[in-house]
Amino acid sequence: MENETILVTRSSMPDLDEYVQEIACLWDTHWLTNMGEKHVQFEADLKKYLQVENLALFTNGHNALECVIEAMGLSGKVITTPYTFASTTHAVVRKGLTPVFADVKPEDYTLNPASVERLIDEDTCAILPVHVYGNLCDVDAFEALGRKYNLKVIYDAAHAFGVSRHGVSSASFGDASMFSFHATKVFNTVEGGAVCFADPALKDVLNQWKNFGITGTESVEYVGGNAKMNELCAAMGICNLRHLDAEIAKRKVVYERYMSHLQGVPGITLPAAQPGVQSNYSYYPVVFEDDFGATRDDVYAALMALDIHPRKYFYPLVSEYECYQGRFNPADTPVAKHVADRVLTLPLYADLALEQVDRICSVVLGCGKEA
Ligand code: T4K
């Protein structure tokens, strides 16, 4: 166990027998994609799990986000966060819109509504907040801003599958929420994603956009793309969904073990629990403040030397990417910049042994000045 490689996460998978049983019928039907029976069943299972009426499946979360932006017919500026994965901003830019970066809140690294409001102008069409690490954004404030300024609110909920607030699923907020079912997520379909949305009229449009804009056997009304989830991925989702609650419960145990070692340590900032929010324990971010006695990069190097692979999610800020050079000033979002320069996400997955968590924490603490 000492010398085992530990990666930042490990995909959850059902028993092989369960998956084989789930896909066996495909060998009878030879129907592998284009909204087949597994797609239909998985969509129904997800709607039930997420307590939503409107949901469309996609090949991945990124395509889902691009598709919903396009299906809403947006143009102009989108106010969003630089503290995210490349996908969020790239989707905005690839759809011909202009991203504008607001700052994040120091408590949970989600978009700060006050910072957003200051940036709204007549060209703004939407707000695109991200539920970072499964921390929910201030959904009430964004709903109010959306209403006050007549803006769409689209959540990047890639990290928030299975999260709820006062029993209300993260899929219910805003005009739409995008989920990622990538292999590295709490819930995966190998690759996959979904959009949940408020306006039922979007259902047909999204399903047509993801299938080349085809609206009938002899009609093609939009210049759509191809972003259909296939049957093998949908079957993986059906299986993994059965075990999701148990997976989240196991993650919670790992998360709490980390907390038992790192909470209250001078120079370490940890995510604060949000009142009324049921977390999915998707990531374990640690921010090494300047008085910890070692930098984030020192801690990263110490762990890597032992074949333990944390990740710097999210460093650098999107506003610092090479592909956006000259367009943004990271100093405009000082809280996001502070966190990105100091954050490390430690390994966290359902089957991570608690002894390994103890070992990781002793390496981390050994780097600090209290050691
Ligand atoms: N918005 C946000 C906020 C997101 O975080 C993401 C995705 C998206 C949008 C877009 O959703 P998708 O279009 O992806 O559905 C990973 C994932 O590729 C990406 O999905 C994810 N965010 C991002 C945070 O992380 P990398 O480049 O760090 O992945 P990689 O290949 O280095 O893998 C990380 C670790 O995961 C490995 O060390 C081991 C483990 N792993 C990885 C793979 C590929 C597995 O256990 N199994 C696997 O199959 O981006």
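Note that the structure is predicted; figures quoted are calculated from it, not measured.

Asker: Help me get a handle on the sheet that holds strand β1 (residues 55-58), residues and values and all.
Answerer: The 7 strands are arranged β1-β9-β8-β5-β4-β2-β3 in an open sheet whose pairing can be described as mixed. With one partner strand each, in any of the chains shown, β1 and β3 (98-101) form the two edges of the open sheet. Looking at each pair of strands side by side, their axes are set apart by 25° on average, direction ignored. Pairing of strand β8 (residues 176-180) with strand β9 (residues 193-197), which is carried by 5 bridges, proceeds in the antiparallel orientation. Pairing of S180 across the sheet is with G193, part of β9. Those strands touched by helix α7 (residues 139-149) are β4 (124-128) and β5 (152-156), and its axis lies near 150° from that of β5.

Asker: Describe a nonpolar patch on the surface, naming the residues involved and giving the relevant values.
Answerer: A surface patch of nonpolar side chains, amounting to about 260 Å² of accessible area, comprises F212, I214 and V220. Structurally, V220 can be placed in strand β11 (residues 219-220). Under the relative-accessibility criterion, V220 is labelled exposed at 58%.

Asker: Account for the packing of aromatic side chains, naming residues and giving values.
Answerer: Per the counting criterion, the structure on display carries 23 aromatic pairs. Between F161 and F187, the aromatic rings sit 4.7 Å apart at their centres with planes inclined by 15°, giving stacked as the arrangement. Pair noted here: F161 is in the loop between β5 and β6 (164-165) and F187 is in the loop between β8 and β9, with a separation of 26 residues, a long-range link. Here the two residues F161 and F187 agree in accessibility, since each one is buried. A ring pair is formed by Y324 and F328, whose centres lie 6.0 Å apart and whose planes are at 75°; its orientation type is edge-to-face. Like F328, Y324 is buried. Through successive ring pairs, a cluster of aromatic residues spans F42, Y49, F161, F179, F181 and F187. Sitting over the face of the ring of Y300, K312 holds its NZ or CZ atom 4.5 Å from the ring centroid.

How each quantity is defined
Residues numbered from 1 in each chain as written. Predicted model: local features only at pLDDT ≥ 70, side-chain atom pairs only at ≥ 80, totals over all residues. Heavy atoms only, no water. Pairing = 2+ DSSP bridges. Helix = DSSP H or I, 4+ residues; strand = E, 2+ residues; numbered from the N terminus. Axes fitted to C-alpha atoms, helices over the stretch in contact; angles between N-to-C directions. Contact = heavy atoms within 4.5 Å. Patch = residues over 30% accessible without salt bridge, like charges linked within 9 Å, V, L, I, M, F, W, Y side chains within 5 Å. Areas by Shrake-Rupley, 256 points an atom, 1.4 Å probe, with all protein chains shown as cover. Salt bridge = Lys/Arg side-chain N within 4 Å of Asp/Glu carboxyl O. Buried < 20%, exposed > 50% of the residue type's maximum accessible area, 1.4 Å probe, protein only. Phe/Tyr/Trp six-rings, centres within 6.5 Å; stacked < 30°, edge-to-face > 60°. Lys NZ or Arg CZ within 6 Å of the ring centre and 35° of its normal.

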